[in-house]
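# Structural overview for review
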Amino acid sequence: MDTAQTEETIRSLLTDLKEDKVESLLVQCADWGINVRMFLNGDIVELDLMKNYEGYEVTFVDDRDKQPAQIDELPDLIQLLQVS
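My aim in this report is to walk through the structure given alongside it, one point at a time. (Residues numbered from 1 in each chain as written. Predicted model: local features only at pLDDT ≥ 70, side-chain atom pairs only at ≥ 80, totals over all residues. Heavy atoms only, no water.)

Core analysis: the largest hydrophobic core is formed by 23 residues, its most contacted members being L14, V36, M38, L47, L49, L77 and L81. Counting residues per element, the ones that place at least two in this core are helix 1 (3-15), strand 1 (22-29), strand 2 (34-40), strand 3 (43-52), strand 4 (55-60), strand 5 (69-71) and helix 2 (76-83). (Core = buried A, V, L, I, M, F, W, Y, C linked by side-chain atoms within 4.5 Å. Buried < 20%, exposed > 50% of the residue type's maximum accessible area, 1.4 Å probe, protein only. Helix = DSSP H or I, 4+ residues; strand = E, 2+ residues; numbered from the N terminus.)

Spelled out as structure tokens, the structure:
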């Protein structure tokens, strides 16, 4: 998947949420990984996703106390955000 497809996939996943409200969504793909910034239900959420052999490592930038999480595929990001 190229960066444009990755960006569009993340954008679609987050804007299609039924129970949560996403505003001001920014998805940036870079050489090191993907940065996602948004307001989720009124709270600011910033994530870094770094591709690895198992999928993606997700780091919560705005909450350094949370440990990084591993997801297999991008759609798994939704479940991770609902648990957080």
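Trans peptide bonds make up most of the peptide bonds, and negative phi angles are found at most residues other than glycine. With phi around 50°, S24 is a residue other than glycine that occupies positive phi space. Among the structural elements, S24 can be located in strand 1. The class for S24 is exposed, based on a relative accessible area of 56%. Positive phi is not limited to glycine here, since N41 has a value of about 55°. Within the element layout of this structure, N41 appears in the loop between strand 2 and strand 3. By relative accessible area, which is 43% here, N41 ends up partly exposed.

Here the focus is the pattern of salt bridges. Enumeration according to the criterion identifies two salt bridges in this entry. In this structure, E23 and K21 form a salt bridge, with 3.5 Å as the shortest nitrogen-oxygen distance. (Salt bridge = Lys/Arg side-chain N within 4 Å of Asp/Glu carboxyl O.)

With respect to the element layout, V58 can be found in strand 4. Considered as a pair, V58 and E19 are 39 residues apart in the sequence and their alpha carbons are 22 Å apart. Residues in contact with V58, not counting those within four places in the same chain, are L47, D48, L49, P68, A69, I71, L77 and L80. (Contact = heavy atoms within 4.5 Å.)

The subject of this paragraph is the pairing of strand 2. With respect to burial, strand 2 is a largely interior element, five of its seven residues being buried. The sheet contact formed by strand 1 and strand 2 spans six bridges and is antiparallel. Among the inter-strand pairings, L26 is bridged to a residue of strand 2, identified as R37. Bridge count for strand 2 against strand 3 is seven bridges, and the pairing is antiparallel. Paired with M38 across the two strands is V45, which belongs to strand 3. Turn length for the strand 2-strand 3 hairpin, with the two strands adjacent in sequence and antiparallel, is two residues, and the turn residue N41 shows positive phi of about 55°. (Pairing = 2+ DSSP bridges.)

Geometry only, nothing functional implied.
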